[in-house]
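The primary structure of each chain is shown beneath.
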Amino acid sequence: MMHPQLRTAFEQEMLAAQAAYGRQDWREAYRLLERAHILGQHHALPHTRSHVWFLKVGWQRRDLWEITGQLIRIIGGFVGSLLGKVPVGNSGGADVSAFAEMPIPEDLREILIKDERSWQGIVRARE
């Protein structure tokens, strides 16, 4: 179960990404999806939802690399979240390795530390 503040932050990023998608601002939608992905990656359904939306953006941009990468990440991300095996801070797009850990933006870190599952994943990644 996501911490309420984390769920709110995730939903805000997703709603903003969907609004940008509706305006056909693919770059902004992608940027916001990256933030949502970082917030949701330790929880299977939000994690998968972010990848489905990355796929939608990739489809609109006719980006075969993104489409292929997201089809793989939709399944892999869901399973990885269930198993607690996700690369912490990974932005989720096909433009980065699906296995690369990345720095977490400070404003998102402040939210993630309130969620026990996310924080445990961050701590495990440091070990």
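Residues numbered from 1 in each chain as written. Predicted model: local features only at pLDDT ≥ 70, side-chain atom pairs only at ≥ 80, totals over all residues. Heavy atoms only, no water.

**Focus on the nonpolar core**
Working step 1: In terms of nonpolar packing, the biggest core is built from 25 residues, with Leu33, Leu39, Val57, Ile104 and Leu112 touching the most fellow members.
Working step 2: Counting residues per element, the ones that place at least two in this core are helix H1 (4–22), helix H2 (26–40), helix H3 (44–61) and helix H5 (106–112).
Working step 3: Per-element accounting of this core gives the leading share, 8 residues, to H2.
Working step 4: Leu39 has contacts with Met2, Leu6, Ala9, Phe10, Glu13, Leu108, Ile111, Leu112 and Ser118, leaving out every residue within four places of it along the chain. (Core = buried A, V, L, I, M, F, W, Y, C linked by side-chain atoms within 4.5 Å. Buried < 20%, exposed > 50% of the residue type's maximum accessible area, 1.4 Å probe, protein only. Helix = DSSP H or I, 4+ residues; strand = E, 2+ residues; numbered from the N terminus. Contact = heavy atoms within 4.5 Å.)

**So, the pattern of salt bridges**
Working step 1: A complete count under the given rule lists 6 salt bridges for this structure.
Working step 2: One salt bridge in this structure joins Asp107 and Arg35, with 2.6 Å as the shortest N-O distance. On the criterion of sequence distance, the pair formed by Asp107 in helix H5 and Arg35 in helix H2 is long-range, its members being 72 residues apart.
Working step 3: Residue Asp107 is classed as partly exposed on the basis of its relative accessible area of 38%. (Salt bridge = Lys/Arg side-chain N within 4 Å of Asp/Glu carboxyl O.)

**Side note on H1**
Working step 1: In this model, H1 (19 residues) spans 27 Å end to end at C-alpha, consistent with the 27 Å of a helix rising 1.5 Å per residue.
Working step 2: Of the residues making up H1, those classed as buried are Leu6, Ala9, Phe10, Glu13, Met14, Ala17, Ala20 and Tyr21. Each buried residue of H1 sits inside an arc of 130° when the element is viewed along its axis, so together they form one side. Seen from the buried face of H1, the exposed residues on the opposite side, beyond 90 degrees, are Pro4, Gln12, Leu15 and Gly22.
Working step 3: Phi turns positive one or two residues past the end of H1, at Gln24, with a value near 65°. (Expected span 1.5 Å × (residues − 1). Arc of directions from axis to C-beta.)

**Digging into unusual backbone geometry**
Working step 1: Even without glycine at this site, Gln24 takes up a positive phi of about 65°.
Working step 2: Counting through the fold element by element, Gln24 comes out in the loop between H1 and H2.
Working step 3: Classification of Gln24 as exposed rests on a relative accessible area of 58%.
Working step 4: Positive phi, normally seen in glycine, also occurs at Arg62, with a value near 55°.
Working step 5: The topology assignment puts Arg62 in the loop between H3 and helix H4 (64–83).
Working step 6: Its relative accessible area of 62% is what places Arg62 among the exposed residues.

**Quick notes on the packing of aromatic side chains**
Working step 1: Considering all chains together, one arrives at 3 aromatic pairs under this definition.
Working step 2: Centre to centre, the rings of Tyr21 and Trp53 are 5.2 Å apart; their planes meet at 85°, and the pair counts as edge-to-face. One end of the pair, Tyr21, is in helix H1; the other, Trp53, is in helix H3, with 32 residues separating them in the sequence. Each member of the pair, Tyr21 as well as Trp53, carries the same accessibility label: buried.
Working step 3: Three or more aromatic residues link up through ring pairs in this structure, and these residues are Tyr21, Trp26 and Trp53.
Working step 4: For the cation-ring pair, Arg61 lies above Tyr30, with the distance from its terminal atom to the ring centre recorded as 4.8 Å. (Phe/Tyr/Trp six-rings, centres within 6.5 Å; stacked < 30°, edge-to-face > 60°. Lys NZ or Arg CZ within 6 Å of the ring centre and 35° of its normal.)

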